[in-house]
2 protein chains.
Amino acid sequence: MRVLIPFDPRKPKTRLGGVLSADERRAFAEAMLRDVLGAVRNADATPLVLSTAEIELDGVSVRVDERPLSPAVNAYRRETTGPLCVLLADLPLVTCKAIDRLLEPAADIVIAPGLGGGTNALAIRHPDFRVDYHGSSYLDHRDAARAVGASVATVDSFRLGVDVDEPADIVEVLLHGSGRADAWLRDAGFRLDSQSGRVTAVRISDEMTA
Amino acid sequence: MRVLIPFDPRKPKTRLGGVLSADERRAFAEAMLRDVLGAVRNADATPLVLSTAEIELDGVSVRVDERPLSPAVNAYRRETTGPLCVLLADLPLVTCKAIDRLLEPAADIVIAPGLGGGTNALAIRHPDFRVDYHGSSYLDHRDAARAVGASVATVDSFRLGVDVDEPADIVEVLLHGSGRADAWLRDAGFRLDSQSGRVTAVRISDEMTA
């Protein structure tokens, strides 16, 4: 299965601006991408990074398309036939097993919802389905699938459901990650803090200067 | 399989105090509990509600224990033999399929982590394992299992992973719920709002008075 991984190396993860500098956000985003690429390879699938700018990734195929996410994905889809997965690049908890579960249901469209109604992963086996990641894309993609007569299934996965967009998501990487993104955060001084109700992430360097 | 469902009907869901009154929090907590009970029954398991106070639940067995969560669960565990599940009462997305997945792994201890490092569901098949829900209980429970020589598995489930503690969690019920908790929220005026990056929940009645 071909797995498309959209990636924006220019200004990634702006909502992490409160806890990471622009350079750090780029490095962390690339660490997450590399975790996703590792999981795809372990699932015996073929990754293709759909990037808004040139990027060097040790032999992984890269297609550059400067357009926003949805038109760029749909342009690639129109050029291809056969099944396609689309996996977001900010899923550092993803494992080959989670990818296998995305491929398991026999439905035309399989969706792994993200926290807050996004679409973190898609398996597309219908020729007429197009993506639209704007807004509540999980519900929209279900509607879009039905509109073209495609059957839909949802994958119940925490590892596919946690995309790292906001500072509160960092704790999940520290808790459940074991790859480059987790290592990058620990190198940058992030640690678990279980003082409050839910565990949170604190940055030791911040604490020391506070 | 016997499924223990701890529930505190006295002052439930205090962290939802910013969006729900005390009476509303009690009603919403009970709606979530009833969703969990429905899923347990659909999974052909036997629910037992471990409540801090008397509560009437249409024929469901209730054991009253006023102690905090962990000592109350461990006291019950000490009186029983054989496998036991412990499922939190604030998991309104849980389905019988998700419960089946909790029971699938052959490990002595199976854990479904919640957002922020909690333990939302446990399958316990080892006689010496005891629970401790304080702090980062997901990691602590893994350690506790290993300390008594029990094998551990983790269930990768979004539906078991989303516990409703904070206002931001309400959106997941509106997106993925289909039971009493979802209906209760809609009756109370909650709707999806996809203006921002992630979809959020707004309360129409609040908007109108704002």
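Residues numbered from 1 in each chain as written. Chains lettered and ligands numbered in written order. Predicted model: local features only at pLDDT ≥ 70, side-chain atom pairs only at ≥ 80, totals over all residues. Heavy atoms only, no water.

Participant: Got a sec to walk through the interface of chain B and chain A? Specific residues and values, please.
Facilitator: Listed by partner, the interface residues are 30 residues for chain B and 31 residues for chain A. Note on chain B versus chain A: buried area summed over both sides is about 2,500 Å², and carbon and sulfur give 55% of it. For chain B, the biggest contributors to the area lost against chain A are D156, F158 and R198 of chain B; these three give 30% of the whole. The interface formed by chain B and chain A contains 2 salt bridges. Of the charged contacts in the structure, one is a salt bridge between R101 of chain B and D156 of chain A, with a shortest N-O distance of 3.5 Å. Our count for the chain B to chain A interface comes out at 10 residue pairs in polar contact (both at pLDDT 80 or more). Listing elements by their share of the side of chain B that touches chain A, those giving two or more residues are α3 (96-103), α4 (137-147), α5 (158-161) and α6 (170-176) of chain B. In terms of residue class, the side of chain B that touches chain A is built from 10 nonpolar, 10 polar and 10 charged. (Contact = heavy atoms within 4.5 Å. Buried area = accessible area lost by both parts, 1.4 Å probe. Salt bridge = Lys/Arg side-chain N within 4 Å of Asp/Glu carboxyl O. Polar contact = N/O pair within 3.5 Å; in protein donor to acceptor, adjacent residues only side chain to side chain. Helix = DSSP H or I, 4+ residues; strand = E, 2+ residues; numbered from the N terminus. Nonpolar A, V, L, I, M, F, W, Y, C, P; charged D, E, K, R; others polar.)

Participant: Any chance you could break down the sheet that holds strand β5 (residues 109-113) of chain A for me, citing the residues and the numbers?
Facilitator: All names here are of chain A. Strand order in the open sheet made by the 7 strands is β3-β2-β1-β4-β6-β5-β7, with mixed pairing throughout. The open sheet has two free edges, formed respectively by β3 (61-64) and β7 (152-154), since each of these has just one partner strand. Direction aside, the axes of adjacent strands within the sheet are offset by 20° on average. Its contacts with the sheet put helix α1 (residues 22-42) on β1 (2-7), β2 (46-51) and β4 (84-87), and the angle it makes with β1 is roughly 175°. (Pairing = 2+ DSSP bridges. Axes fitted to C-alpha atoms, helices over the stretch in contact; angles between N-to-C directions.)

Participant: Describe the packing of aromatic side chains, naming the residues involved and giving the relevant values.
Facilitator: Residue and element names in this part refer to chain A. Under the defined criterion, the tally for this structure stands at 2 aromatic pairs over all chains. With 5.5 Å between their ring centres and 35° between their planes, F28 and W184 make a pair best called tilted. Of this pair, F28 sits in helix α1 while W184 is found in helix α7 (residues 180-187), placing the two residues 156 residues apart along the sequence. The burial state of F28 is the same as that of W184; both residues are buried. (Phe/Tyr/Trp six-rings, centres within 6.5 Å; stacked < 30°, edge-to-face > 60°. Buried < 20%, exposed > 50% of the residue type's maximum accessible area, 1.4 Å probe, protein only.)

Participant: Which residues make up the packing of α1 of chain A against α7 of chain A, and what values do they have?
Facilitator: All names here are of chain A. Between α1 and α7, the least distance of the axes is 7 Å, while the angle of their chain directions is 150°. Considering their axes alone, α1 and α7 lie roughly antiparallel with respect to each other. Residues E24, A27, F28, A31, M32, R34 and D35 of α1 pack against R180, A181, W184 and L185 of α7. In terms of residue class, the contact of α1 with α7 is built from 7 nonpolar, no polar and 4 charged. (Parallel < 35°, antiparallel > 145°, perpendicular 65-115°, else oblique.)

Participant: I'd love a proper account of the state of the cysteines, names of residues and values included.
Facilitator: Each disulfide consists of a covalent bond between the sulfur atoms of two cysteine residues. Residues and elements named next belong to chain A. Counted under the stated rule, the structure contains 0 disulfides over all chains. Free cysteine C85: the closest other cysteine sulfur is in C96, separated by 13 Å. The exposure class assigned to C85 is buried, which follows from its relative accessible area of 1%. (Disulfide = S-S within 2.5 Å.)

Participant: Describe in detail the pairing of β1 of chain A, supporting the description with residues and values.
Facilitator: Residues and elements named next belong to chain A. Within β1, 5 of the 6 residues are buried, leaving the element largely enclosed by the surrounding structure. Direction of pairing for β1 relative to β2: parallel, over a ladder of 6 bridges. Residue pairing in the sheet places F7 in a bridge with S51 of β2. Viewed along the sheet, the connection from β1 through α1 into β2 turns out right-handed. Across 3 bridges, β1 lies against β4 in parallel orientation. Counted as the bridge partner of V3 is C85 from β4. (Right-handed = clockwise from strand over helix to strand, strands pointing away.)

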